[in-house]
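Summary of the model geometry
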Amino acid sequence: MSNRVVVTGLGAVSPIGNDLSTFWDNLLAGKSGAGPLTRFDPDSFPTPFTTRIAAEVKDFDPLPFIDKKEVRKMDIFIQYAVAAAKMAIEHAKLDMEKEDLDEVGVYIGSGIGGMNTIEANAQILHERGPKRVSPFFIPMLIANMASGQVSILTGAKGPNSASVTACASGTHSIGEAFRILQRGEASVMITGGTEATVTPLSFAGFCSAHAMSTRNDDPEHASRPFDKERDGFVMGEGAGILVLETLDHALARGANIIAEMVGYGMTADAHHLTAPAPEGEGARRSMIRALKDANLEPTEVDYINAHGTSTDLNDKFETMAIKGAFGNHAYKLAVSSTKSMTGHLLGAAGGIEAIVLAKSIQDQVIPATINYEFPDPDCDLDYVPNEARKANVRVALSNSLGFGGHNATIIMKAVEEV
Amino acid sequence: MADTLERVTQIIVERLDVEADEVTLEASIKEDLGADSLDVVDLIMELEDEFNLTIEEEDAEKINTVGDIVNYISAKVS
């Protein structure tokens, strides 16, 4: 008999707000976080960047969360994770001094890790030689270090790991944390995803792969999932972290329970480096596995927070995958892509979107897919166009689909009998 | 010498996030100022840049206190 698992705390650093309430208010208001690039000058390179827009985190200050001396030793993706983790712990009213720290674990994924750090030190290596590469270079860049630093700074000594599965990293991490709690290997898990790759090298790579929108003159309308005029994703950044705990532990400490985590599924496409499998068959099987794990009928799902990247193939195939998994019910449930507002947070996407699931269940409201103007015959579901909607949300599902053909799905449910 | 101490103090304050009055000639970089082995490597790189010199590894290993740094730099640049 496995433990029941509940969500008790949420923390967000995002392109539309650096705390949970700002993020959620802006999401319901339909605000876009996209704008022209400011992190680097796209005109300072030998040839122009085809994409010159991003959904950047604005005015992030690490100092309320991290000592100045330690900030220097952390890539920004780690700083985002630590800030969001500390906010999630506070939101959960989890008193780490009273917890059995051996029972508190961390599972935070990142798709890429410390890209800023890699680029800066590669330049130093070539210009000034190996002796000038920082001794903090490796511990700043490795993708597991968000989990490492969160444990160091919070004292959490339980199970600790990280998933690195591109854009599915956050969802895999949350799913694995869920399993650890179900199995009784920890009482509390601090989990989610983090990413900070608004850098020249990662932009150059994604541009060459023709993955990002080139709607440079109209950034706020560039991320338009499921719309016929979509032309690629808009890169976002940030961190979404949740506190999950066993129901027993949450009840024992009188925690405020936001939602119950009930299902997790994952599959591989076994198809292509970057393109999704035809008809989204890998994503379809991932959703079916998660439904089975949750012991739910497809007809019980009210809301799907789609991967919905705004690329041609993803949105078309994810729509087919939803139809494959849900049959006629696909046309009755609501599907939205909050990436229309946040941009695509890559390895952090699953973290921030798990927060959307929990909040949609708690507040009984579904955020919109903004920038939805021109219907695409290939995308014919109810995408909650342009305006958030009050709705009964008892069961909500989130997909994350990553390069490499990694598919992951989680399901949350309103807490009913306890 | 006074000038060297001032510049060294400034770097240590910045890198190790300590107060300037803690940075005395007698202060041990690891024990009193809280540096770990990676901090020491980082600090030495910064000193090399600031004073435009190379601190050999065997010399770096002998550095314990702020005074050791100041003496080493004074000897090298004079």
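Up top you'll find the structure we're talking about.
Notes on the structure follow. (Residues numbered from 1 in each chain as written. Chains lettered and ligands numbered in written order. Predicted model: local features only at pLDDT ≥ 70, side-chain atom pairs only at ≥ 80, totals over all residues. Heavy atoms only, no water.)

1. Quick notes on the overall build of chain B
When helices and strands are counted, chain B shows four helices and zero strands. Against the globule reference of 12 Å for 78 residues, chain B gives a C-alpha radius of gyration of 11 Å, in line with a compact fold. Along the longest, intermediate and shortest principal axes, the C-alpha atoms of chain B span 30 × 25 × 20 Å. Within the span of chain B, comprising 78 residues, buried residues form 44% of the whole. Pairs at least 24 residues apart make up 54% of the contacts formed inside chain B by residues separated by at least 6 positions. Only carbon and sulfur atoms are counted for the fraction: they give 45% of the accessible area of chain B, which is about 4400 Å². Across chain B, the mean location of the 5 positive side-chain charges is 7 Å away from that of the 23 negative side-chain charges. (Helix = DSSP H or I, 4+ residues; strand = E, 2+ residues; numbered from the N terminus. Rg over C-alpha atoms; globule rule 2.2 N^0.38 Å. Buried < 20%, exposed > 50% of the residue type's maximum accessible area, 1.4 Å probe, protein only. Contact = heavy atoms within 4.5 Å. Areas by Shrake-Rupley, 256 points an atom, 1.4 Å probe, with all protein chains shown as cover. Lys, Arg positive; Asp, Glu negative; His and termini not counted. Charge placed at Lys NZ, Arg CZ, Asp CG, Glu CD.)

2. Section: the sheet that holds strand S14 (residues 406-413) of chain A
Backbone-to-backbone hydrogen bonds join strands into a sheet, with any given pair of strands oriented parallel or antiparallel. Residues and elements named next belong to chain A. On the basis of which strands lie adjacent, the open sheet formed by 10 strands has the order S5-S4-S6-S7-S1-S8-S14-S13-S9-S10 and mixed pairing. For this open sheet the edge positions go to strand S5 (160-161) and strand S10 (334-336), each flanked by a neighbour on one side alone. Two strands pair when backbone bridges link them, and strand S6 (residues 188-195) and strand S7 (residues 238-246) are joined in this way by eight bridges, in the antiparallel orientation. If you follow Gly193 over to S7, its bridge partner there is Gly240. Strands in contact with helix H6 (residues 145-154) are strand S4 (104-109), S5 and S6; relative to S4, the strand with the most contacts, it is inclined by about 150°. Contacting strand S9 (303-305), S10 and strand S13 (395-402), helix H11 (residues 312-326) crosses the sheet at an angle of about 135° to S13. (Pairing = 2+ DSSP bridges. Axes fitted to C-alpha atoms, helices over the stretch in contact; angles between N-to-C directions.)

3. Brief notes about the pattern of salt bridges
Residues and elements named next belong to chain B. Across all of its chains, the model carries 33 salt bridges over all chains by this definition. When the shortest N-O distance is used, the salt bridge between Arg7 and Glu50 registers 3.0 Å. Taken together, the positions of Arg7 in helix H1 (residues 2-16) and Glu50 in helix H2 (residues 37-51) put the pair 43 residues apart, joining distant regions of the chain. Between Asp42 and Arg15 there is a salt bridge whose closest N-O contact spans 3.2 Å. (Salt bridge = Lys/Arg side-chain N within 4 Å of Asp/Glu carboxyl O.)

4. Some points on the interface of chain B and chain A
Taken together, the contact between chain B and chain A spans 12 residues of the former and 11 residues of the latter. For the pair chain B and chain A, the summed buried area comes to about 1200 Å², and 45% of that belongs to carbon and sulfur atoms. Its largest share of buried area at the contact with chain A, chain B owes to Asp17, Leu38 and Met45 of chain B, together 37% of the area lost on that side. The tally of links between chain B and chain A comes to six salt bridges. Note that Asp49 of chain B is salt-bridged to Arg128 of chain A, the shortest N-O span being 2.7 Å. Counting the contacts that link chain B with chain A gives six residue pairs in polar contact (both at pLDDT 80 or more). When contributions to the side of chain B that touches chain A are tallied by element, the ones reaching two or more residues are H1 and H2 of chain B. (Buried area = accessible area lost by both parts, 1.4 Å probe. Polar contact = N/O pair within 3.5 Å; in protein donor to acceptor, adjacent residues only side chain to side chain.)

5. Observations regarding the packing of aromatic side chains
In total, this model carries nine aromatic pairs over all chains according to the counting rule given. Clustering of aromatic rings is evident, with ring pairs tying together Phe40, Phe45, Phe49 and Phe203 of chain A. (Phe/Tyr/Trp six-rings, centres within 6.5 Å; stacked < 30°, edge-to-face > 60°.)

6. Section: the nonpolar core
Residues and elements named next belong to chain A. Ranked by size, the top nonpolar core spans 46 residues in total, and within it Leu242, Leu244 and Met412 carry the most contacts. At the level of elements, strand S1 (5-13), helix H1 (20-29), helix H7 (169-182), S7, strand S8 (259-268), helix H13 (349-363), strand S11 (365-366) and S14 are the ones that each hand at least two residues to this core. Top element by residues in this core is H13. It accounts for eight residues. Apart from the residues within four sequence positions on either side, Leu244 is in contact with Val5, Val6, Val7, Ile174, Ala177, Phe178, Leu181, Ser187, Val188, Met189, Thr191 and Met261. The next biggest cluster of nonpolar side chains, apart from the first, holds 33 residues, and it includes Ala81, Ala84, Ala88 and Val106. (Core = buried A, V, L, I, M, F, W, Y, C linked by side-chain atoms within 4.5 Å.)

7. What about unusual backbone geometry?
Residues and elements named next belong to chain A. Of note, Asp59 is a non-glycine position whose phi angle comes to about 55°, a positive value. Counting through the fold element by element, Asp59 comes out in the loop between strand S3 (53-54) and helix H2 (68-71). Of note, the phi angle at Val384 is positive, near 50°, even though the residue is not glycine. One can find Val384 in the loop between S11 and strand S12 (389-390). Note on Val384: relative accessible area 0%, which makes it buried.

8. Some details on H6 of chain A
Residue and element names in this part refer to chain A. Counting buried residues along H6, eight of its 10 residues qualify, which places the element largely inside the surrounding structure. Taken residue by residue, H6 has Met145, Ala146, Ser147, Gly148, Gln149, Val150, Ser151 and Thr154 as its buried positions. Considering only its buried residues, H6 is in contact with helix H3 (76-91), S4, helix H5 (137-141), S5 and S6. Where H6 terminates, the next one or two residues include Gly155, which has phi positive at roughly 85°.

9. A short note on the side chain of Ser14 of chain A
All names here are of chain A. Relative to the elements of secondary structure, Ser14 occurs in the loop between S1 and H1. There is a polar contact of 3.0 Å between the side chain of Ser14 and the backbone nitrogen of Ile16. Excluding its chain neighbours within four sequence positions, the residues that come into contact with Ser14 are Phe23, Val57, Glu237 and Ile352.

10. Considerations on the pairing of S4 of chain A
All names here are of chain A. Within S4, six of the six residues are buried, which leaves it mostly tucked inside the rest of the structure. Burial along S4 is two-sided: the face carrying Val104, Val106 and Ile108 and the face carrying Gly105, Tyr107 and Gly109 are both buried. When S4 meets S5, the two strands line up parallel, connected through two bridges. Residue Tyr107 lies in a different strand from S5, and its bridge partner there is Ser161.

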